[in-house]
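# Coordinate inspection notes
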Amino acid sequence: MKSSQLTAIIRRLEAMVEDKDNEVQVRRFEKNGEERCLITYDTKAETFELEEHETNQVYKFDDIDLIAIEIYELLQD
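The sections below set out a description of the structure shown in this document. (Residues numbered from 1 in each chain as written. Predicted model: local features only at pLDDT ≥ 70, side-chain atom pairs only at ≥ 80, totals over all residues. Heavy atoms only, no water.)

### Focus on unusual backbone geometry
A positive phi angle, close to 55°, is found at Asn 32, a residue other than glycine. By secondary structure assignment, the location of Asn 32 is in the loop between strand S1 (24–31) and strand S2 (34–42). A residue is classified by how much of its surface remains accessible, and Asn 32, at 79% relative accessible area, is exposed. Of note, the phi angle at Asn 56 is positive, near 60°, even though the residue is not glycine. Topologically, Asn 56 is positioned in the loop between strand S3 (47–52) and strand S4 (57–61). On the basis of relative accessible area, Asn 56 is assigned to the exposed category, the value being 57%. (Helix = DSSP H or I, 4+ residues; strand = E, 2+ residues; numbered from the N terminus. Buried < 20%, exposed > 50% of the residue type's maximum accessible area, 1.4 Å probe, protein only.)

### Regarding the sheet that holds S2
Strand order in the open sheet made by the four strands is S1-S2-S3-S4, with antiparallel pairing throughout. The sheet is open, and its two borders are formed by S1 and S4, each paired with just one other strand. The average undirected angle you get between the axes of adjacent strands in this sheet is 20°. Here S3 runs beside S4; their pairing, made up of five bridges, is antiparallel. Looking across to S4, one finds that Glu 51 is bridged to Val 58. Relative to the sheet, helix H1 (residues 5–18) contacts S1, S2 and S3, its axis offset from that of S1 by approximately 165°. (Pairing = 2+ DSSP bridges. Axes fitted to C-alpha atoms, helices over the stretch in contact; angles between N-to-C directions. Contact = heavy atoms within 4.5 Å.)

Here it is in structure tokens:
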């Protein structure tokens, strides 16, 4: 059985939340070497920001599950 991609995404996002040393955390998510989105986590505001590279749109999230689903969908295209 193949491991869950959604679980791996959530683990990366949780690591961003748990790192209290840095005010802002940044992660890149890629598929086949092509960057699909850039995620920023603001520790003070406790919010995620998703920058979608294909459309250059930026979305803000305060729920880890919702941003994980968005990332998952971007990686499935």
